[in-house]
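# Descriptive structure summary
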Amino acid sequence: MHRTNRRSLRELGPAVIAWAALVLLFWRAITWLAATALVREQVGHAAVVLTFGLLFLLRDRPGGNPLELRFDRRAVQFYLGAVVSAGLAALLHEPLLMLCGLGFLAGAVLLFVLGDEVFRPALGFGLAFTGFTALSILFPFADWPLRVLAGKMAGWFLGLLGNPAQFGFTGEPLRLVLVSGGRPFEVAAECNGFGIISGCVLLALLLVFSRRLRVVDKLMILVLAPLLGLISNALRIFLIVLLAPMAGDHYAIMHEAVGVALFFGTLAFVWWLVAGLPERVR
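Nothing here was measured: the structure is a model prediction, and the numbers come from that model.

Two quantities define a packed helix pair, namely the angle between the helix axes and the distance between the axes. Orientation of helix α4 (residues 73-92) relative to helix α5 (residues 95-114), taken along the N-to-C sense of each, is 160 degrees, at an axis distance of 8 Å. Comparing their axes, α5 and α4 come out roughly antiparallel. The handedness of the crossing between α4 and α5 comes out as left-handed. Every residue of α5 that contacts α4 at Arg-74, Ala-75, Phe-78, Tyr-79, Gly-81, Ala-82, Ser-85, Ala-86, Leu-88, Ala-89 and Leu-92 is listed here: Leu-97, Met-98, Cys-100, Gly-101, Phe-104, Leu-105, Gly-107, Ala-108, Leu-111 and Phe-112. Grouping the amino acids of the contact of α4 with α5 by side-chain chemistry returns 16 nonpolar, four polar and one charged.

Look at helix α8 (residues 215-247): 46 Å from first C-alpha to last across 33 residues, which is about the 48 Å you get at 1.5 Å a residue. Along its length, α8 reaches its greatest deviation from straightness, about 30 degrees, at Val-241, and the proline Pro-245 lies no more than four positions downstream. Gly-248, located one to two residues past α8, shows a positive phi value of around 60 degrees.

As a further point, take the packing of aromatic side chains. In this structure the tally under the stated criterion is 16 aromatic pairs. Judged by centre distance (5.5 Å) and plane angle (55 degrees), the rings of Trp-156 and Phe-157 are tilted. Residue classification places Trp-156 among the exposed residues on the basis of a relative accessible area of 54%. Overall, the relative accessible area of 15% leaves Phe-157 in the buried class. Ring geometry for Phe-269 and Trp-272: centres 5.6 Å apart, planes at 25 degrees, overall stacked. Residue Phe-269 and its partner Trp-272 are both found in helix α9 (residues 251-275); the two are separated by three residues, about one turn of the helix. A relative accessible area of 37% means that Phe-269 is categorised as partly exposed. On the basis of relative accessibility, which here comes to 58%, the residue Trp-272 falls in the exposed class. Members of the aromatic cluster, each reached through a chain of ring pairs, are Trp-19, Phe-71, Tyr-79 and Phe-112.

Rules and cut-offs
Residues numbered from 1 in each chain as written. Predicted model: local features only at pLDDT ≥ 70, side-chain atom pairs only at ≥ 80, totals over all residues. Heavy atoms only, no water. Axes fitted to C-alpha atoms, helices over the stretch in contact; angles between N-to-C directions. Helix = DSSP H or I, 4+ residues; strand = E, 2+ residues; numbered from the N terminus. Parallel < 35°, antiparallel > 145°, perpendicular 65-115°, else oblique. Left-handed = near helix turned anticlockwise from the far one by under 90°. Contact = heavy atoms within 4.5 Å. Nonpolar A, V, L, I, M, F, W, Y, C, P; charged D, E, K, R; others polar. Expected span 1.5 Å × (residues − 1). Bend = angle between axes of the 7 residues up to and from the residue. Phe/Tyr/Trp six-rings, centres within 6.5 Å; stacked < 30°, edge-to-face > 60°. Buried < 20%, exposed > 50% of the residue type's maximum accessible area, 1.4 Å probe, protein only.

Set out below in structure tokens:
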């Protein structure tokens, strides 16, 4: 125990230099990602899901020092993966390689801080962080298609109850409106479901690659995750429209309560699904 701690202290100087160099290499990508998460609420939600998912995953970490703070074999491999990816991205002018580099960077940080024993969570975290970056880029392109899809699905749910809804565009700037019972409901950017869909995808990536699951089980969860997020968001709109006449002056409270309940309920369901899958013996 004491020998490990002394070794960490001796390596602290070179490690600080190594991390400072990597931060400089990825500085523009890191600052852009942080700014996007702060400005785009749904992207910020995905970042929170990823962070808390990792913390819960690591809460029962067996043995070892609380903090390793050293470059063991796998930490070095992930570090080099980040450097090579960033170098190739600059050389080939290929932004997708920078996404891979950010994933390696996230995994390297986890392995450096907690050691090789968290290799699988680090692998899952690295892949999920790459997914988070990719989703942050896709957000502007996904906004309107997701809004339209969510509105149509919510309208279909209402139709099943014999409460047909009208759906269309109006106004300037353009707004997407769902009309039910003579009452209009705007399907705004906050209703596009990007937060819950991306949260489900990132949590699924984090969990399935943190466990020894069969390939078919991993693929099943990764396909189900965005579908569950999409359905959850449509159900949220459906329930808000359905409960609005009863909410009265408490509409805002009802709106938030339904959203929060479905957001965390869907994430918990994804976690439960993955937890119930058997791990491979080898």
